[in-house]
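Commentary on secondary and tertiary structure
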Amino acid sequence: MPPPTKVELPPVRLPGLAGLSPAYFAIVMSTGIISIAAHRLGFEALARSLYMLNFVFYAVVWALFGLRLLWHRQAMLDDVVDHLRAPGFFTSVAATSVLGSQCLLLGNNLTLALALWWLAIALWVILTYTIFTIFTVKRSKPRLEKGINGGWLLAVVATQSIAVLAALLAARIGQPWKLELNFFALSMWLWGGMLYIWMMSLIFYRYTFFTFEPGDLSPPYWINMGAMAISTLAGSLLIVNVEHAPFLLSLQPFIKGFTVFYWATGTWWIPMLLLLAVWRHIYRRFPLRYDPLYWGAVFPLGMYAAATHAMLRALEFDFLNWVPGVFLALAMAAWLATLAGMLHAIWKIQRPGAMAP
C-alpha cells in the first residue's frame, strides 16, 4: 500500500508584513485617546464603541508583530537598529498605557488596567535601554538630517503615557500605594519633559539648518505637538491628585507652571505644522496617500482635546471650554479619513496580482 501523499499547505499571504511599520500601534493610541476624550466630553456611545474596537486593534497588531518576528525576523531586527524606524516601537508602550487608561475610565476594570500598566513599564524598559544603547554604540551612524525626525518623540509619548496611567491608578488605589504611584507618575513626567528638551533641540536644529524636501516632512512630525499634549495631560492629573499626596502640594506651583508651559508649547506647534502641511501638499504637490505613519498624526489631535479638557478642569480655565470639542471633532474626522485610507490600501494589495508594498 503506497504511503499517503503529503499535502503541502500554501503559505498564508500577508502582503506587506515584511515591511510592517514598527509604529503601527499608533492606531491603538489614536483610537484610545479619541475614546477617552469623547468620554470626558460626554459622548458615551462614541467612547464605548471605540473602547471595544480598540481591543480588536490591539490584538490584531500584536498578532501581526508576532508573525513578523516569526517569518521576517531579520527585517524586524533591522528596524531595531535603524535611526528612523526604531523609535516607532515606542508606540507599543503608549498603546498599552492608553488601553489601560480606557480600561480604568470606561471599563472600571482596575485589575486589567494594572496588568497593562506593568506590561507598558516592561516594554518601556526593554525598548529604552535597547534602542538608545544600540544608537550609542553602533559604528555606522547616519548624519543628523538623515537620522532624526519627529518620530523620536514617541519615546517621550511612551514615557508620559505611563505617567498618565500611574496618576489615574493613584486616584483609584488606596494607601499605601497611592503615594508611591503619585511619586512614580511625577518622576516619569519630569523625565519625559527632560527627554523632550533633548530631542526637540536636535529636531529644531534639523528643521532650521538643513534642507527640507517634502518627503522629509513625514506625519510623525505631528508628534512634536502630541508629546507636549500628553505632558499637559499628565501634569493636569498630578494637580488633581495633590489632595492625596502631600509632596505634590509643595510642588504644586511648579507643576502648574510646567503644565501650562507644555500646553502653550504644544499650541504653538499647531499653526506651524499646518503651514508645513500646506507647503508639502499644496505648494510642493506631494501626493496625499495612505501611510501607516498618519496614525501618528491623528493621535496628537485627540490628545490635545483630552489634555486641554483635563487642564481647564485642573486649573479652572473656563475660557478654554470650546477647545476640546473642536479638536475632538478634528481628531474624529482625521481618524475616519485614515481608517478609510487603511482599508482602501488593504483592499488594493489583496486583489489578485497586486504587488505587495
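Parameters at a glance
- Residues numbered from 1 in each chain as written.
- Predicted model: local features only at pLDDT ≥ 70, side-chain atom pairs only at ≥ 80, totals over all residues.
- Heavy atoms only, no water.
- Helix = DSSP H or I, 4+ residues; strand = E, 2+ residues; numbered from the N terminus.
- Rg over C-alpha atoms; globule rule 2.2 N^0.38 Å.
- Buried < 20%, exposed > 50% of the residue type's maximum accessible area, 1.4 Å probe, protein only.
- Contact = heavy atoms within 4.5 Å.
- Areas by Shrake-Rupley, 256 points an atom, 1.4 Å probe, with all protein chains shown as cover.
- Salt bridge = Lys/Arg side-chain N within 4 Å of Asp/Glu carboxyl O.
- Core = buried A, V, L, I, M, F, W, Y, C linked by side-chain atoms within 4.5 Å.
- Phe/Tyr/Trp six-rings, centres within 6.5 Å; stacked < 30°, edge-to-face > 60°.
- Lys NZ or Arg CZ within 6 Å of the ring centre and 35° of its normal.
- pLDDT = per-residue confidence, 0-100.
- Axes fitted to C-alpha atoms, helices over the stretch in contact; angles between N-to-C directions.
- Parallel < 35°, antiparallel > 145°, perpendicular 65-115°, else oblique.
- Left-handed = near helix turned anticlockwise from the far one by under 90°.
- Nonpolar A, V, L, I, M, F, W, Y, C, P; charged D, E, K, R; others polar.
- Patch = residues over 30% accessible without salt bridge, like charges linked within 9 Å, V, L, I, M, F, W, Y side chains within 5 Å.
- Expected span 1.5 Å × (residues − 1).

**Quick word on the overall build of the chain**
Across its full length, the chain holds 13 helices and zero strands. Moving toward the C terminus, one meets the helices and strands of the chain in the order α-α-α-α-α-α-α-α-α-α-α-α-α. For 357 residues, the compact-globule formula gives about 21 Å, and the C-alpha radius of gyration of the chain, at 21 Å, lands near that figure. Burial status across the chain gives 51% buried among its 357 residues. Restricting the contact set of the chain to residue pairs at least 6 apart, pairs at least 24 apart contribute 82%. Put simply, the chain shows about 17,100 Å² of open surface, and 70% of that area lies on carbon and sulfur atoms.

**Observations concerning the pattern of salt bridges**
If charged atoms from side chains of opposite charge come close, those side chains can pair. This structure, assessed with the given rule, holds five salt bridges. We note a salt bridge from arginine 85 to aspartate 79, for which the minimum N-O separation is 2.6 Å. According to the relative accessible area criterion, arginine 85 is partly exposed, its value standing at 29%. Assessed through its relative accessible area of 6%, aspartate 79 is described here as buried. In this structure, glutamate 145 engages arginine 143 in a salt bridge whose closest nitrogen and oxygen atoms are separated by 2.6 Å. Given the relative accessible area of 58%, arginine 143 is considered exposed.

**Some remarks on the nonpolar core**
Within the largest apolar cluster, 122 residues are counted, with the highest numbers of intra-cluster contacts made by Ile34, Leu153, Met225, Trp295 and Trp335. A total of 15 residues in this core trace back to one element, the largest contributor, which is helix H12 (residues 295–315). Residue contacts for tryptophan 295: discarding those within four places in its chain leaves Tyr24, Ala26, Ile27, Ser30, Tyr290, Trp335, Thr338, Leu339 and Met342.

**Here's the deal with the packing of aromatic side chains**
Tallied over the full model, the rule gives 34 aromatic pairs. Ring geometry for phenylalanine 25 versus phenylalanine 65: centroids 5.1 Å apart, planes at 55°, classification tilted. You can see phenylalanine 25 sitting in the segment before helix H1 (26–40) and its partner phenylalanine 65 sitting in helix H2 (residues 44–71), a full 40 residues away along the chain. Taking relative accessible area as the criterion, phenylalanine 25 reaches 0% and is therefore assigned buried. Phenylalanine 65 sits in the buried class, given a relative accessible area of 7%. Plain terms: the ring middles of phenylalanine 212 and tyrosine 221 are 5.8 Å apart, the flat faces sit at 70° to each other, and that makes the pair edge-to-face. The residues phenylalanine 212 and tyrosine 221 share a single accessibility class, namely buried. One aromatic cluster is present, built from ring pairs that chain together Phe204, Tyr207, Phe212, Tyr221, Trp268 and Trp269. Residue placement shows arginine 206 over the ring face of phenylalanine 212; its charged tip is 4.5 Å from the ring centre.

**A few points about the confidence of the model for the chain**
Taken residue by residue, the chain gives an average pLDDT of 90. The fraction at 70 or more is 93%. A low-confidence stretch, residues 7–11 (pLDDT under 50), is modelled with zero contacts involving residues beyond four sequence positions or located in other chains.

**Describing the side chain of histidine 309**
Note that histidine 309 resides in helix H12. According to the relative accessible area criterion, histidine 309 is buried, its value standing at 12%.

**Let's talk about the packing of H1 against H12**
Where H1 contacts H12, the axes come no closer than 8 Å and their chain directions differ by 30°. Taken together, H1 and H12 sit at an angle that is classed as roughly parallel. As for the relative orientation of H1 and H12, their crossing is left-handed in sense. Contact residues: H1 offers Ala26, Ile27, Met29, Ser30, Ile33, Ile34, Ala37 and Arg40, while H12 offers Trp295, Gly296, Val298, Phe299, Gly302, Met303, Ala305, Ala306, His309 and Arg313. Of the residues contributing to the contact of H1 with H12, the split by class is twelve nonpolar, four polar and two charged.

**Considering a nonpolar patch on the surface**
On the surface, a nonpolar cluster with roughly 400 Å² of combined accessible area is contributed by Leu190, Leu251, Phe254, Phe258 and Phe261. By residue number, the principal contributor to the nonpolar patch is helix H11 (residues 252–283), which donates three residues. You can see phenylalanine 254 is positioned in helix H11.

**Comments concerning the side chain of threonine 159**
Within the secondary structure layout, threonine 159 lies in helix H7 (residues 154–172). Note on threonine 159: relative accessible area 0%, which makes it buried. Excluding its chain neighbours within four sequence positions, the residues that come into contact with threonine 159 are Trp124, Met188, Trp191, Gly192 and Leu195.

**Some words on the environment of leucine 153**
Its location among the elements puts leucine 153 in the loop between helix H6 (144–147) and H7. Given a relative accessible area of 0%, leucine 153 falls into the buried group. In sequence terms leucine 153 and histidine 244 are 91 residues apart; their C-alpha atoms lie 31 Å from each other.

**A word on H1**
Between its first and last C-alpha atoms H1 spans 21 Å; for 15 residues at 1.5 Å apiece the expected length is 21 Å, and the two agree. The buried count for H1 comes to 13 of 15 residues, which makes it a mostly enclosed element. Downstream of H1 by a residue or two, glycine 42 has a phi angle that is positive, lying close to 95°.

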